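# Analysis of the macromolecular model
Each chain, written out:
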Amino acid sequence: MLSIFHFFVLNIIPMYFPEDKTEYIPAFIQLVLVVIVAGLVVFFFKKISKKQEAKAKELEERLKEEQKNQHS
């Protein structure tokens, strides 16, 4: 297992560490943008989920009332 890991890390994935550290700036900007977009996606998913949950609860209450009215 360890030899497979070493094969992938050392041979397949090229590692490059630049001497000029300003080359990290574009990568950092991309990372920040990806994190922001991911956060927005999670926020919108939660917002949509809450709306759907409220609709489901309303539907469940209506069905319970209809069921109660049918048995009476």
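The structure contained in this document is the topic of the report that follows. What you see is a predicted model; the values in this text were computed from it and never measured. (Residues numbered from 1 in each chain as written. Predicted model: local features only at pLDDT ≥ 70, side-chain atom pairs only at ≥ 80, totals over all residues. Heavy atoms only, no water.)

## What about the overall build of the protein chain?
Helix and strand counts for the protein chain come out as 2 helices and 0 strands. With 72 residues in all, the protein chain has 1% of them scored as buried. As displayed, the protein chain has an accessible area near 7300 Å², and 69% of this comes from carbon and sulfur atoms. (Helix = DSSP H or I, 4+ residues; strand = E, 2+ residues; numbered from the N terminus. Buried < 20%, exposed > 50% of the residue type's maximum accessible area, 1.4 Å probe, protein only. Areas by Shrake-Rupley, 256 points an atom, 1.4 Å probe, with all protein chains shown as cover.)

## Side note on the packing of aromatic side chains
Using the criterion set out here, one finds 1 aromatic pair in the structure. On the numbers, 5.5 Å between centres and 65 degrees between planes, the contact of F43 with F44 is edge-to-face. Look at F44 and you get partly exposed, because its relative accessible area is 44%. (Phe/Tyr/Trp six-rings, centres within 6.5 Å; stacked < 30°, edge-to-face > 60°.)

## Examining the pattern of salt bridges
Taken as a whole and assessed by the stated rule, the structure comprises 2 salt bridges. Taking the shortest distance from any N to any O, the salt bridge between E53 and K57 comes out at 3.7 Å. Pair noted here: E53 and K57 are both in helix α2 (residues 24-71), with a separation of 4 residues, about one helical turn. Using a relative accessible area of 44% as the deciding quantity, one classes E53 as partly exposed. K64 serves as the salt-bridge partner of E60, at 3.7 Å between the closest nitrogen and oxygen. Placement of the pair is E60 and K64 together in helix α2, with a separation of 4 residues, close to one helical turn. Taking the relative accessible area as the measure of exposure, E60 reaches 40% and is therefore partly exposed. (Salt bridge = Lys/Arg side-chain N within 4 Å of Asp/Glu carboxyl O.)

## Quick look at a nonpolar patch on the surface
On the surface, I25, F28, I29, L31, V32, L33, V35, I36, L40, F43, F44 and I48 cluster together into a nonpolar patch covering about 1200 Å² of accessible area. Its relative accessible area of 33% is what places V32 among the partly exposed residues. (Patch = residues over 30% accessible without salt bridge, like charges linked within 9 Å, V, L, I, M, F, W, Y side chains within 5 Å.)

Fair warning: the whole summary comes from geometry, so function is off the table for now.
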